[in-house]
Amino acid sequence: MRTAIFGDIHANLEALQAVLADAASQHVTDFVCLGDVVGYNADPVACLNLIRDMGCPTVKGNHDQDASENHPLDTMNQVAASALQWTREQLDDDQRLWLKRLRMVRQVSDYTVVHSTLDQPVNWNYVTNRFDAMSNFSYQFTQLCFHGHTHIPRVYVKSDKVREVPAESVTIEPDAKYFINVGSVGQPRDGDPRACYAIYDLPSKLIVFRRVEYDIPKTREKILAAGLPPMLAERLADGR
Ligand code: ZN
């Protein structure tokens, strides 16, 4: 079993299609989605329909939640709020209901998936260092947990203490726990503009991070044509 684990698509269809094509070239057999299917970019409907039709296990992201509800968006930053308001207008009732019904946490095979962290997932806390990761590990009862939310690939390992190892290729050791951020498909923020996801090869206990080029100018044009905030178009090429 080879599983592509991907998230933070953020309505970037070109990036999503590139990741799915790359996964096919890597002989992936299964898919798991870590949420934030929509928000920021210009193709919420196409991305949602594609992932819904794949029927893969999917957890809810904060943008999925906000797009599926009607509450005011005044606690959010202006750019995210105006993109979400636009996203709400694109989705029909059925699509919003699909987002609303996504679960916060799921167990898939022998591992757990969550958008932000297992430590109070409804609060959408960001895990940016090993101390944040420690809070998660207190609630992690499987050896592996995959998450997203920060848009930065990271691997935290807990053995006698919690440490961070490079997000490249990771062999799962029997006596450690792993909390793995698979990065972002549709809006990477680690300075590398290529779409990011991970492949978990269960028989060999190997996790490999993949970076995939996609047609950024096309995504950029769609964002501008939709009337979304221009900074959302500009940031993609910088990977910020
Ligand atoms: Zn996100």
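See the structure printed just above.
Presented here is a report on the structure given in the accompanying data block.

Rules and cut-offs
Residues numbered from 1 in each chain as written. Predicted model: local features only at pLDDT ≥ 70, side-chain atom pairs only at ≥ 80, totals over all residues. Heavy atoms only, no water. Buried < 20%, exposed > 50% of the residue type's maximum accessible area, 1.4 Å probe, protein only. Helix = DSSP H or I, 4+ residues; strand = E, 2+ residues; numbered from the N terminus. Arc of directions from axis to C-beta. Polar contact = N/O pair within 3.5 Å; in protein donor to acceptor, adjacent residues only side chain to side chain. Donors = N, O, S within 2.8 Å, 3.2 Å for Na, K, Ca; no water. Tetrahedral: all angles 85-135°; square planar, octahedral: opposite > 155°, others 65-115°.

Next up on the list: helix α5 (residues 93–100). Every buried residue of α5 is accounted for by Q95, R96, W98 and L99. Relative to the axis of α5, the buried residues are bounded by an arc of 155° and lie together on one face. Exposed residues on α5 whose side chains face more than 90 degrees from its buried face are D93 and D94. Taking the backbone nitrogen of D94 as reference, a side-chain oxygen 3.1 Å away marks D92 as the first, capping residue of α5.

At 2.1 to 2.3 Å from the zinc ion lie its protein donor atoms, namely D8 (OD), H10 (NE2), D36 (OD) and H151 (NE2). Because the angles between the four donor atoms bound to the zinc ion fall within 86 to 178°, the donor set is best described as irregular. Positions of the donor residues of the zinc ion, expressed as sequence spacing, correspond to D-x1-H-x25-D-x114-H. Residue D8 is located in the loop between β1 (2–6) and α1 (13–25), and its partner H151 is located in the loop between β5 (144–147) and β6 (154–158); the two are separated by 143 residues in the primary sequence. Among the residues examined, D8 registers a relative accessible area of 0% and is labelled buried. For H151, a relative accessible area of 2% corresponds to the buried category.

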